[in-house]
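Coordinate inspection notes
Here are the chains, one letter per residue:
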Amino acid sequence: YAAALSNAATKLLIQADANIDRQDTSSQSTPLHYAVENSNTATTLELLRAGCNFDIRNFLFTPILMSHDPSMNAIFEHFLQRSASDQTETESIFLL
């Protein structure tokens, strides 16, 4: 729940090597789901930089699907950049 409200708390949890992909028991949401749901761009970026998995689905959506809303264009753009970066890294591995 820290991801929904506080970027500072999220940074501390990441530094403490907390599981940033842990799903809660009620909705199966991850910290990234909560950050996106609350339009917390700073925390979303922090979690993406830390390497969180943005393909984890809660009971309804993945975080990237949640962000595909006109009011969340900035967050959606960061998902696209991360996705493109991941794809480039994967392609370079296969070229080795």
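Structure: above.
Residues numbered from 1 in each chain as written. Predicted model: local features only at pLDDT ≥ 70, side-chain atom pairs only at ≥ 80, totals over all residues. Heavy atoms only, no water.

With respect to unusual backbone geometry
For residues other than glycine, phi is negative in most cases, and the peptide bonds are mostly trans. Just so we agree on the cut-off: The helix and strand labels rest on DSSP assignments: H or I over at least four residues marks a helix, E over at least two residues marks a strand, and numbering proceeds from the N terminus. Only protein chains enter the calculation, and the probe is 1.4 Å; a residue is then buried if its accessible area is under 20% of its type maximum, exposed if over 50%, and partly exposed in between.
Non-glycine residue Gln28 carries a positive phi angle of around 65°. Structurally, Gln28 is set in the loop between helix H2 (7-15) and helix H3 (31-37). Residue classification places Gln28 among the partly exposed residues on the basis of a relative accessible area of 27%. Despite not being glycine, Ser39 shows a phi value in the positive range, around 55°. Mapped onto the elements of the fold, Ser39 is located in the loop between H3 and helix H4 (41-49). Given a relative accessible area of 40%, Ser39 falls into the partly exposed group.

Describing the nonpolar core
Side chains that are nonpolar tend, in soluble globular proteins, to be buried together. What counts, and what does not: Throughout, nonpolar core names a set of buried Ala, Val, Leu, Ile, Met, Phe, Trp, Tyr and Cys residues whose side chains join them through atoms within 4.5 Å. Any two residues whose heavy atoms approach within 4.5 Å at even a single point are treated as in contact.
Grouped together as the largest cluster of nonpolar side chains are 14 residues, with contacts concentrated most on Leu32, Val36, Leu47, Leu48, Cys52, Phe54 and Phe79. Mapped by element, the contributors of at least two residues to this core are H3, H4, helix H5 (63-66) and helix H6 (73-95). Discounting residues that sit within four places of it in the chain, Phe79 has contacts with Leu32, Val36, Thr44, Leu48, Phe54, Pro63, Ile64 and Ser67.

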